[in-house]
Amino acid sequence: MRKTDTQRFRKLLLEEKERVGASLARHEKIIAHTDDQSGLETGKAHSNHMADQGSDEFQYETTIKFANKEGRHLYNIEEALSRIEDGTYGKCLGCEQQIALPRLRSLPYARLCIECKEKEEAGTL
Ligand SMILES: [Zn+2]
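Quick summary incoming for the structure in this document.

Criteria and cut-off values
Residues numbered from 1 in each chain as written. Predicted model: local features only at pLDDT ≥ 70, side-chain atom pairs only at ≥ 80, totals over all residues. Heavy atoms only, no water. Core = buried A, V, L, I, M, F, W, Y, C linked by side-chain atoms within 4.5 Å. Buried < 20%, exposed > 50% of the residue type's maximum accessible area, 1.4 Å probe, protein only. Helix = DSSP H or I, 4+ residues; strand = E, 2+ residues; numbered from the N terminus. Domains from an automatic or database assignment. Donors = N, O, S within 2.8 Å, 3.2 Å for Na, K, Ca; no water. Phe/Tyr/Trp six-rings, centres within 6.5 Å; stacked < 30°, edge-to-face > 60°. Salt bridge = Lys/Arg side-chain N within 4 Å of Asp/Glu carboxyl O.

**A few points about the nonpolar core**
Counting 20 residues, the largest nonpolar core has Leu13, Ile77, Tyr89, Cys92 and Leu104 as its most contacted members. Of all the secondary-structure elements, those providing two or more residues to this core are α1 (3-41) and α2 (50-85). It is α2 that contributes the most residues to this core, 6 residues altogether. Each of domain 1 (3-89) and domain 2 (91-125) accounts for three or more of the residues forming this core.

Spelled out as structure tokens, the structure:
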């Protein structure tokens, strides 16, 4: 890969990292806030708040799931950035071939080429 390409992907990854980091921080705040509230609610009677509580818990779980997903996403971005640093960026971790540039443009943190990704999803890698 040309150095100019690597630099461009590095920039894309850094921007994405910032975006995901901010989104993650927001969700962590919501999660912490929900924890506070459930602490305050503990002394109250449960019966008349069942419905509300259910949807709160649903919201809480959705938020946690989303935060986990974003967390994994952030991890993938950081991995890609460290591959840029050690010069292995853009190489498929499955077959060690160069990942096609159009794929990297739409998915700068891709670890696998399309063929290997399909194999991974089919469970045959
Ligand atoms: Zn591959």
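**Thoughts on the coordination of the zinc ion**
Every protein donor of the zinc ion is listed here as Cys92 (SG), Cys95 (SG), Cys113 (SG) and Cys116 (SG), and their distances to the metal cover 2.3 Å. In terms of primary sequence, the donors binding the zinc ion are separated according to C-x2-C-x17-C-x2-C. Assessed through its relative accessible area of 2%, Cys92 is described here as buried.

**Here we look at unusual backbone geometry**
Within the chain, Glu96 stands out as a residue other than glycine whose phi angle is a positive 65°. Exposure remark for Glu96: the relative accessible area of 58% places this residue in the exposed category.

**Side note on the packing of aromatic side chains**
Taken as a whole and judged by the stated rule, the model has 1 aromatic pair. Relative to Tyr89, the ring of Phe9 has its centre 5.7 Å away and its plane inclined at 50°; by these criteria the two rings are tilted. Placement of the pair is Phe9 in helix α1 and Tyr89 in the loop between α2 and α3 (101-106), with a sequence separation of 80 residues. The residues Phe9 and Tyr89 share a single accessibility class, namely buried.

**Quick look at the pattern of salt bridges**
Pairing between side chains of opposite charge can happen when their charged atoms approach one another. All told, the structure shown has 9 salt bridges when counted by the stated rule. Between Glu15 and Lys11 there is a salt bridge, with the nearest N and O atoms lying 3.1 Å from each other. Here the residue Glu15 and the residue Lys11 both occupy positions in helix α1, the gap between them amounting to 4 residues, near one helical turn. By relative accessible area, which is 43% here, Glu15 ends up partly exposed.

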